[in-house]
Amino acid sequence: MKGRKRTAVLISGRGSNMRALIEAARSPDYPAEIALVLSNRAEAAGLAFAKEHGIATAVIDHKIYAGRGEFEKSMQVLLDLHKIEIICLAGFMRVLTQGFVQHWQGRLINIHPSLLPAYRGLDTHARALAEGAKIHGCSVHFVVPALDEGPIIAQAAVAVLDSDTPETLAARVLAQEHVIYPGALAALAGGLLTVIGNRVACERTAALPPALKVPDFPK
Ligand code: GAR
């Protein structure tokens, strides 16, 4: 496919969502290419997988900067150098400034391990269990300045089992994250999304590879 959108994946650790995005983007029909993996932690396990797949990787340690703005300036230099058009946050555990988020508005997406707007923030699985939720899940959303808010592109739900621990629930949710994130990125990179207020409409066209499990958006 021509004109694949140059995409950066920002990680802080394991990188399993990054891996799902890289694997999806290996298909020549996929409308995004993963051009850069950027981590704020040198020990992020996901970096090795990206390197093995010939993807440019970089580490920018946020701790050496005086503030968030300075850290982001360094990130922006790399993003520009690699001509990045879309950013996917994938377990990137840094809060971004309003300026950075606004610069990337509409081109910056995140995956969060809950059915937003429920359980913003951390420890989502333990909190869902503690509150007795029967349904839990994950969301891909456009990033806005407010944490874990922004128009939702895709969600997947899982049933909460009586026997669940935060770990078993997290594992079932993570499997769904790996399905919806590549689908959401394909829809964004393919130009299929329209944001109206807080709602995201997705055009279903033949441009989406049939094998791709894109969430079923209402027509
Ligand atoms: C994922 O579960 C992702 O949803 C979550 O971190 C994990 C990263 O795993 N993100 C957040 O909590 C962001 N608020 P991964 O590194 O294996 O993709």
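Not measured: the values here are computed from a predicted model. (Residues numbered from 1 in each chain as written. Predicted model: local features only at pLDDT ≥ 70, side-chain atom pairs only at ≥ 80, totals over all residues. Heavy atoms only, no water.)

Give me the lowdown on the overall build of the chain, citing residues and values where you can.
Helices and strands together make up the secondary structure of the chain, namely six helices and nine strands. By the compact-globule yardstick of 17 Å for 219 residues, the chain fits well, its C-alpha radius of gyration being 17 Å. Along the three orthogonal principal directions, the C-alpha set of the chain runs to about 50 × 45 × 35 Å. Among the 219 residues that make up the chain, the fraction classed as buried is 49%. In the chain, of all internal contacts separated by at least 6 residues, the share reaching a separation of at least 24 is 61%. Here the chain displays about 10,800 Å² of accessible surface, and carbon together with sulfur accounts for 54% of that area. Taking the average location of the 23 positive side-chain charges in the chain and that of its 20 negative ones, the two points are 4 Å from each other. (Helix = DSSP H or I, 4+ residues; strand = E, 2+ residues; numbered from the N terminus. Rg over C-alpha atoms; globule rule 2.2 N^0.38 Å. Buried < 20%, exposed > 50% of the residue type's maximum accessible area, 1.4 Å probe, protein only. Contact = heavy atoms within 4.5 Å. Areas by Shrake-Rupley, 256 points an atom, 1.4 Å probe, with all protein chains shown as cover. Lys, Arg positive; Asp, Glu negative; His and termini not counted. Charge placed at Lys NZ, Arg CZ, Asp CG, Glu CD.)

So, the site of the ligand: which residues are in play, and what are the values?
Contacts to the ligand come from Arg 14, Gly 15, Ser 16, Asn 17, Gly 91, Met 93, Ile 111, His 112, Pro 113, Leu 174 and Glu 177. Ser 16 is positioned such that a nitrogen or oxygen atom in its side chain is 2.6 Å from an oxygen atom of the ligand. The fraction of the free accessible surface of the ligand (450 Å²) that becomes covered by protein chains is 87%. In a pocket analysis with a 2 Å cut-off to the grid points, the ligand is assigned to the largest pocket. Elements represented by at least two residues in the shell around the ligand include exactly α1 (16-25), β5 (108-112) and α6 (166-189). In the shell around the ligand, the residues fall into four nonpolar, five polar and two charged. (Near = heavy atom within 4 Å. Polar contact = N/O pair within 3.5 Å; in protein donor to acceptor, adjacent residues only side chain to side chain. 1 Å grid on protein atoms, 1.4 Å probe; cavity = no way out; pocket = protein on both sides within 12 Å on 5 of 7 lines; lining within 4 Å. Sits in = over half its atoms within 2 Å of the grid points. Nonpolar A, V, L, I, M, F, W, Y, C, P; charged D, E, K, R; others polar.)

How would you sum up the pattern of salt bridges? Please name residues and give values.
Tallied over the entire structure, the rule returns six salt bridges. Residue Arg 19 pairs with Glu 23 through a salt bridge whose shortest N-O separation is 3.9 Å. Taken as a pair, Arg 19 and Glu 23 lie in helix α1 at a separation of four residues, close to a single helical turn. Assessed through its relative accessible area of 42%, Arg 19 is described here as partly exposed. (Salt bridge = Lys/Arg side-chain N within 4 Å of Asp/Glu carboxyl O.)

Give me the lowdown on the nonpolar core, citing residues and values where you can.
Val 9, Ile 34, Val 37 and Ile 153 are the most contacted members of the largest nonpolar core, which has 43 residues in total. Per-element accounting of this core gives the leading share, ten residues, to α6. Aside from chain neighbours lying at most four places away, what touches Val 37 is Val 9, Ile 11, Met 18, Ile 22, Leu 47, Ala 50, Ile 55, Ala 56, Thr 57 and Ala 58. Of all hydrophobic cores here, the second largest spans 21 residues; its members include Ala 8, Leu 36, Ile 87 and Val 143. (Core = buried A, V, L, I, M, F, W, Y, C linked by side-chain atoms within 4.5 Å.)

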